[in-house]
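Here's the letter readout for the chains.
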Amino acid sequence: MTADFLLYGVINTLCVVLISPLFVSLVKKVKAWSQGRQGPSVFQTYYTLAKLLKKEVIYSRNASWIMRITPWACISAILVASLFVPLVVVTEPVGGIGNIILFLYLLVLARFFMALSGLDAGSAFGGMGSSREMSISAVIEPTTIIVFAALAFVFKSLNLIDMVTVAAAAGIPVSPTLILIGISLFIILIVETSRIPVDNPETHLELTMIHEGMILEQSGRNLALMELSAAIKQTLLMALLINLLIPWGLATTFSFAAIAVALCLFAAKGAILALVIGLFESSMSKMRFFRLPSLFMMAFFFSTLTIIIEVFA
Amino acid sequence: MIGLLFYAVIALFLAGTVISLPGTARDTRIIRTLSLACTAGASLLLAVLSLIILVSGVPFTPAAWQLFPGFSVDFFIDRLAAFFLFLIGSVSACVAIYTMGYVEHMEGGNRRNLLCGCISLFVLVMALIVASENTISFLFFWELMAAVSFFLVMYEYTQEETRKAGIFYFVMTHLSTLFVMLGIIAFYYASGSFAIAPLHATPVSLPLVTAAFLLLFVGFSIKAGIIPFHKWLPYAHPASPSPVSALMSGVMLKVAVYGLLRFIITVFSPDLWWGVLILALGIASAVLGVIYALKEHDIKGMLAYSSIENIGIIFVGIGLFVIFSCSGLAVLATLSLLAALFHSLNHALFKSLLFLTAGSVVHATHTRDIEKMGGLSGKMPYTSVLFFTGAIAIAALPPLNGFASELMMYIAFFQSVTVVDPLLKVLLFICLALFALTSALSAACFVKAFGSVFLAQPRSPESEGAHEVNFPMLAGPAILAAACVILGVFAYQILTAFGYVLPIPDLFLVSLLLLIMAALTYVVLYFTASHDIRISETWGCGAKSQPSSTEYTGHGFSEPIVTIFSSIYRTKKSSTKTYYDQHDCIFAEGTAEIRLLKFFEEYLYLPIARGATRASARIARIQNGCLDTYLLYVFIAVVAVILFLGWSA
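Residues numbered from 1 in each chain as written. Chains lettered and ligands numbered in written order. Predicted model: local features only at pLDDT ≥ 70, side-chain atom pairs only at ≥ 80, totals over all residues. Heavy atoms only, no water.

### Focus on the overall build of chain A
- Within chain A, the regular secondary structure consists of 11 helices and 1 strand.
- Taken from N to C terminus, the helices and strands of chain A fall in the order α-α-β-α-α-α-α-α-α-α-α-α.
- Here chain A has a C-alpha radius of gyration of 19 Å; the compact-globule value for 313 residues is 20 Å, and the two agree.
- On the principal axes, the C-alpha backbone points of chain A span a range of 55 × 45 × 40 Å. (Helix = DSSP H or I, 4+ residues; strand = E, 2+ residues; numbered from the N terminus. Rg over C-alpha atoms; globule rule 2.2 N^0.38 Å.)

### Quick notes on the overall build of chain B
- Helix and strand content of chain B: 24 helices and 5 strands.
- When its C-alpha atoms are laid out on the principal axes, chain B stretches across 105 × 75 × 65 Å.
- Taken over 649 residues, chain B has a buried fraction of 56%.
- Intrachain contacts of chain B at a sequence separation of at least 6 include 78% that bridge at least 24 residues.
- Working note: accessible area of chain B is about 26000 Å², and carbon and sulfur atoms make up 70% of it.
- Of note, chain B has its 33 positive side-chain charges centred 3 Å away from the centre of its 33 negative side-chain charges. (Buried < 20%, exposed > 50% of the residue type's maximum accessible area, 1.4 Å probe, protein only. Contact = heavy atoms within 4.5 Å. Areas by Shrake-Rupley, 256 points an atom, 1.4 Å probe, with all protein chains shown as cover. Lys, Arg positive; Asp, Glu negative; His and termini not counted. Charge placed at Lys NZ, Arg CZ, Asp CG, Glu CD.)

### A word on the pattern of salt bridges
- Counting across every chain of the model gives 15 salt bridges over all chains.
- In this structure, the salt-bridge partner of B:Arg29 is B:Glu104, at a minimum N-O distance of 3.9 Å. Residue B:Arg29 is found in helix H2 (residues 29–56), and its partner B:Glu104 is found in the loop between helix H3 (79–102) and helix H4 (111–131); the two are separated by 75 residues along the sequence.
- Exposure remark for B:Arg29: the relative accessible area of 53% places this residue in the exposed category.
- When the shortest N-O distance is used, the salt bridge between B:Glu161 and B:Arg368 registers 2.9 Å. A residue pair is termed long-range when its members are at least 10 positions apart, and B:Glu161 in helix H6 (residues 160–191) and B:Arg368 in the loop between helix H12 (330–365) and helix H13 (376–379) qualify at 207 residues.
- Taken together, the shared-partner salt bridges in this structure form one network comprising A:Arg111, A:Glu133, A:Glu192 and A:Lys233. (Salt bridge = Lys/Arg side-chain N within 4 Å of Asp/Glu carboxyl O.)

### Quick word on helix H9 (residues 242–267) of chain B
Residue and element names in this part refer to chain B.
- Along its 26 residues, H9 runs 36 Å from first to last C-alpha, staying within 8% of the 38 Å computed at 1.5 Å per residue.
- Along H9, the sharpest kink reaches roughly 35 degrees, centred on Met-248.
- Counting buried positions over the 26 residues of H9 gives 24, a clear majority of the element. (Expected span 1.5 Å × (residues − 1). Bend = angle between axes of the 7 residues up to and from the residue.)

### Things to note about the interface of chain A and chain B
- With 75 residues of chain A in contact, the opposing surface of chain B contributes 73 residues.
- When chain A packs against chain B, the two sides together hide about 6500 Å² of surface, and 78% of this comes from carbon and sulfur.
- When the buried area of chain A at its contact with chain B is split by residue, A:Trp65, A:Tyr105 and A:Phe112 rank highest and sum to 10% of it.
- At the junction of chain A with chain B, the criterion picks out 2 salt bridges.
- When the shortest N-O distance is used, the salt bridge between A:Glu56 and B:Arg534 registers 2.8 Å.
- For the side of chain A that touches chain B, the secondary structure elements donating two or more residues are helix H2 (44–54), strand S1 (57–60), helix H3 (65–82), helix H4 (100–120), helix H5 (124–155), helix H9 (220–245) and helix H11 (292–312) of chain A.
- Ranked by residue count, the leading element in the side of chain A that touches chain B is H5(A), at 19 residues.
- Residues that form the side of chain A that touches chain B fall into these classes: 51 nonpolar, 15 polar and 9 charged.
- Pairing between S1(A) and strand S3 (residues 533–536) of chain B: 4 bridges, direction parallel. (Buried area = accessible area lost by both parts, 1.4 Å probe. Nonpolar A, V, L, I, M, F, W, Y, C, P; charged D, E, K, R; others polar. Pairing = 2+ DSSP bridges.)

### Concerning the packing of aromatic side chains
- Enumeration over the complete set of coordinates arrives at 59 aromatic pairs over all chains.
- On the basis of an interplanar angle of 85 degrees and a centroid distance of 5.2 Å, the ring pair of A:Phe186 and A:Phe280 is categorised as edge-to-face. With A:Phe186 in helix H7 (residues 177–192) and A:Phe280 in helix H10 (residues 256–283), this residue pair connects regions lying 94 residues apart in the sequence.
- The class for A:Phe186 is buried, based on a relative accessible area of 15%.
- Plain terms: the ring middles of B:Phe220 and B:Phe263 are 6.0 Å apart, the flat faces sit at 35 degrees to each other, and that makes the pair tilted. (Phe/Tyr/Trp six-rings, centres within 6.5 Å; stacked < 30°, edge-to-face > 60°.)

### Some thoughts on the nonpolar core
- Counting residues in each nonpolar core, the largest one holds 326 residues, and the members touching the most others are A:Phe84, A:Phe103, A:Phe148, B:Phe84, B:Trp232, B:Phe268 and B:Phe414.
- Per-element tally for this core: the top contributor is H12(B), with 21 residues.
- Look past the residues within four positions of A:Phe84 in its chain and what remains in contact with it is A:Tyr8, A:Ile97, A:Gly98, A:Asn99, A:Leu102, A:Phe103, A:Leu106, A:Leu160 and A:Ile161.
- In this structure, A:Val139, A:Ile210, A:Leu292 and A:Phe296 belong to the second largest nonpolar core, which totals 12 residues. (Core = buried A, V, L, I, M, F, W, Y, C linked by side-chain atoms within 4.5 Å.)

Encoded structure:
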């Protein structure tokens, strides 16, 4: 592991951990505005996390060791995955870090543990959440892999860090087909972060909840870890969309000024994307669960179109 | 040295069989243990022997045995054969250790001794198939394997279910032998020799070579459980004792994979369409296998369907290998072949691990229905950890071995951009999407399996009274679990050591990073977070306590997927209702039924079986038992012979 990569890892991890709660609150704020409310402060998620850390952890009498290790497994899988997506600065990847398939499967690893912990307490809510989460993730998976294959196709690389490097060097979208991929990536972002029309992050109603159902039995610092890993996952997918489509301003050297500028730009671009997500969520209604596959088919269509365009171009 | 080792292995296996024979008269534990120790020792030696050949890369040819004139048993072990021998040896050794504990809890008195002897013979025969140098000895041991495995499946022959499964297996496995035999005959006519050696097709012999390939392919596919020839797996695996299921699913299916690979690599020079055929059947088996597995609530039946899925994945690798080598992409072809081989080994390890731990669970709860389990992680903590390792490996999650081999397959798929033919490229991308679906569904399947069996509260009195199993039943699976972890984490280093430097990520680095991140989080939380822990009830909307009947069951868990893929399951929902009033408001009574259509059985197997029955009924009419008719037959035959001779003269 080179010194450059170590530095990259530290900067990237710090950025992602610190900025993720902000984006979560931003989306909430936008949704509140669109509903005519004032909404919570943009720093509310930080306060919530700090509060949760001070609370005791409550385990169910039925819960096994799965419940106890899940928060750790989730946060470490997501943090390792965060190394795969450069937020503000790019560098030379080391030992296959940045591999697009590994990135996807680290997210699956976190999901696997989360779904098991949903079943662990023996509550029907958790089971329902796990069941729906695994079903949705199974149906969206072909789309995700085709989107990633299309990305690999366009950038001629399997490595996310390399892709972002290429994009940063170009400064503009490297291929017009990327816009099509962007649409699919946006749908994947909505699905993976459990947002309307797939899931509703605000409610704890059994009819709508998926992600919230699974973490219903989590409490205290464990819940804080789960919330943080969900926030980081959202930031990673946002960063993927931002840094591949509108990469300008990304730092290519480890100079303090360049990184500071890149961070400000990333926060600004992220805020805009959060605005889009919030407006998108507000303008949609929750879809019936079994109507979801047709939404996924749309994303599948766009990514397949990209591939066909690239193949026959 | 190697020669001595080879004969020692054979002698030890035979000793394992012979020892157990006198024990059939008396029910003695020492004989069983001794016989299984022989099997374990011989398997271990086999693994060592094959590892030596694998590392040195020097093929080994033991002296041939002339059994009787015209039939000699020749052996030849190159790196490919050595790889599969390693697979057989390492898995069988762990299964034999497990069986030492398992067999003592089994029903059946002194029949158990025979079981131990048969297991020893079974492993030996599989090893000899792989080591065979000519088609005759290949076929001889192939048939012996079919016979021995039939006895193993029929162990609990007193049960109706087992007898049905056994007969089904017997018919299917002999269908497989028939096709392999026909294939070998066609191969003999094409090449003029029984040796498994390169065959150069000329325009004249091309149809014969193609026929030989197709016949062999069908034969091996039946044995490997490729859809639509898969139906025997979900019958035979649940019916046989768990160590036997582990051996059959983990090892025997791989012998069929070996057969296919051996003929494709050594003998034939494949065409592109062969690759497309293998790929298409492989991907169909993978997707359908896992979709059926999700529906299954018999824990061993589920594992059997999951075997079909994994064999499908291996066939996908083989198909890609053929396609890439026909397209002249040598690097990608090597990558796909290695992925197929690596996945064979990985599947052998984690599937036998899962079958063995499932056997422990079935032994503890006396049921195979996962709806009646639940809450076992507290009662069987070690077994739960072992099963969990297997589940992570089979769900292809990093950094375990299942992920390592699927990663190689994904990389091969992603790089199929370099294939020239655009149509082929589109086909490969469709297969990629289906492959991803398979992998995600298999994660869902094993969340369901582990969740229903080990988590939450026990859902039956049997599960309530379950207890941890004895030491050998933990030791065998523990070795397999350790192998799963090591082969995953060090996949890159191991492949590099064998001289294959592949563009795959270093999973050791990833595992290290996972540990570092967990440690960093721990340090941060140690100083910032509260350390209080309280144990309490699960929240149940205000109810004081929740019975286990409120839990989410396996059926409930897979319901959304079953509904989404209902057109594949072909579930038939029918209901009848009667009402008290004429406006159909007050419900009086009714029936509702959800039935799973056994698609392949009802539309493929049964029509063939009925056709065969009809044809044989027609032929049987000749045999009417009347002397006059037989005299007439003789007369007609004589006249026909006279006419024929007159004609030909």
